[in-house]
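# An overview of the molecular structure
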Amino acid sequence: SIDDALRTFQALPSPGQPIVPEQSADQPATNLADTLSANISLQDDPTQDRPQSGLWIGAASQVSLRSSIIAGTMGPGVKVYRGELEAVSNTIAFSLRGANVVANGGRMVLCDNRIQGATGDGISSWNNTHMTIEGNHICDNSGSGITINSTGGTVHISEDNEFRDNGTADIHRPS
């Protein structure tokens, strides 16, 4: 229902702000996925009425995403498939399967976003993606903060990105 879909966002701060678990005096803080699951049902049910991706950008598309929240999708929050994306000051969080942001070819610029809490990598790049990543907070992902899975394309990762508490590496390039 629409009410169930909107309940996802009730506990979230404004775009780009940290998502932190609430803590009471008699109950210790939980991890971020537990906090989100208290507000929405995260059952791993393929028949569940939840979007596969929050935003899918195809080959002929040029998209500017600003000050938005994409959270709790079954697949990637944002998927770029040979299109172009400029994402500024967003929260992309809690992808339930895989990375929060996936690029398969195309061009992607990520600036000042919060990319958090994926069941997988924060950002995953494939197949000749041209990617610029500047000033983002990339944290609490179960995999790497950023994984670069191919040798083609270009990758620019500025020093002003903040990486924290990712499961494997901040930046991973499989051999």
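Conventions used here
- Numbers given to residues run from 1 along each chain, matching the order in which its sequence is written.
- Confidence filtering applies because this is a predicted model: local features only for residues at pLDDT of at least 70, side-chain atom pairs given and counted only at 80 or more, and all residues used for totals across whole chains, interfaces and linings.
- To get the side-chain values, all heavy atoms of the structure are used, and hydrogens and water are removed first.
- Side-chain rings of Phe, Tyr and Trp (the six-membered ring for Trp) are treated as a pair once their centres are within 6.5 Å; stacked means planes under 30 degrees apart, edge-to-face means over 60, and tilted covers the remaining angles.
- Each helix is a run of H or I in the DSSP string that is no shorter than four residues. Each strand is a run of E no shorter than two, and both are numbered from the N terminus.
- Only protein chains enter the calculation, and the probe is 1.4 Å; a residue is then buried if its accessible area is under 20% of its type maximum, exposed if over 50%, and partly exposed in between.
- Contacts are assigned to residue pairs that have any heavy atoms within 4.5 Å of one another.
- A pair of strands is labelled paired if DSSP reports no fewer than 2 bridges between them.
- Salt bridges, as used here, are contacts in which a Lys or Arg side-chain nitrogen is within 4 Å of a carboxyl oxygen on Asp or Glu.
- Values of pLDDT, the confidence the predictor places in each residue, fall between 0 and 100.
- Residues enter a nonpolar core if they are buried and are Ala, Val, Leu, Ile, Met, Phe, Trp, Tyr or Cys, with the set joined through side-chain atoms within 4.5 Å.
- A fitted line through C-alpha atoms serves as each axis, taken over the contacting stretch for helices, and the angle formed by two N-to-C directions is quoted from 0 to 180°.

All right, on to the packing of aromatic side chains then. In this structure the tally under the stated criterion is 1 aromatic pair. Ring plane angle 25 degrees and centroid distance 6.0 Å describe the contact between W56 and Y81, whose orientation is recorded as stacked. Linking W56 in strand β1 (residues 55-57) with Y81 in strand β4 (residues 78-81), this pair joins segments that are 25 residues apart in sequence. A relative accessible area of 52% places W56 in the exposed class. Taking relative accessible area as the criterion, Y81 reaches 31% and is therefore assigned partly exposed.

Attention now moves to the environment of N127. Along the chain, the position of N127 falls in the loop between β10 (123-126) and β11 (130-134). Given a relative accessible area of 43%, N127 falls into the partly exposed group. When the C-alpha positions of N127 and N104 are compared, they lie 5.5 Å apart, and in sequence the two are 23 residues distant. Among residues more than four places away in sequence, those in contact with N127 are N104, G105 and S150.

Right, let's talk about the sheet that holds β1 for a bit. Spatial ordering of the open sheet is given by β1-β4-β7-β10-β13-β16, a layout of 6 strands whose pairing is parallel. The sheet terminates laterally at β1 and β16 (171-172), the two strands that pair on one side only. Of the pairings in the sheet, the one linking β10 to strand β13 (residues 146-148) comprises 3 bridges and is parallel in character. Counted as the bridge partner of S124 is T147 from β13.

This part is about the pattern of salt bridges. In this structure the tally under the stated criterion is 4 salt bridges. Among the salt bridges present, the one from E162 reaches R164, with a minimum N-O distance of 3.8 Å. One continuous salt-bridge network, built from bridges that share partners, spans D140, E162, R164 and D165.

Mean pLDDT for the chain: 84, with 75% of residues reaching 70 or above. Low confidence marks residues 37-44, where pLDDT is under 50. Its contacts with residues over four positions away, or in another chain, come to 13 contacts.

Before going further, it helps to spend a moment on the nonpolar core. Among the nonpolar cores identified, the biggest contains 19 residues, and V78, L85, V101, M108, L110 and I123 are the most heavily contacted of them. Counting residues per element, the ones that place at least two in this core are β4, β5 (84-88), β7 (101-104), β8 (107-111), β11 and β13. Not counting residues up to four positions away in its chain, the partners in contact with L110 are L85, A87, V101, I115, I123, T132, I133, E134 and N136.

Pairing within the open sheet is parallel, and its 5 strands lie in the order β2-β5-β8-β11-β14. Two strands bound the open sheet, and with one partner strand each, they are β2 (62-66) and β14 (154-157). Between one strand axis and the next, the sheet turns through 5 degrees on average, direction left out of account. Alignment of β2 against β5, held across 5 bridges, turns out to be parallel. Counterpart to V63 in the pairing with β5 is L85.

Relative to the helices and strands, W126 resides in strand β10. In sequence terms W126 and G152 are 26 residues apart; their C-alpha atoms lie 8.5 Å from each other. Among residues more than four places away in sequence, those in contact with W126 are V102, A103, N104, G105, N149 and S150.

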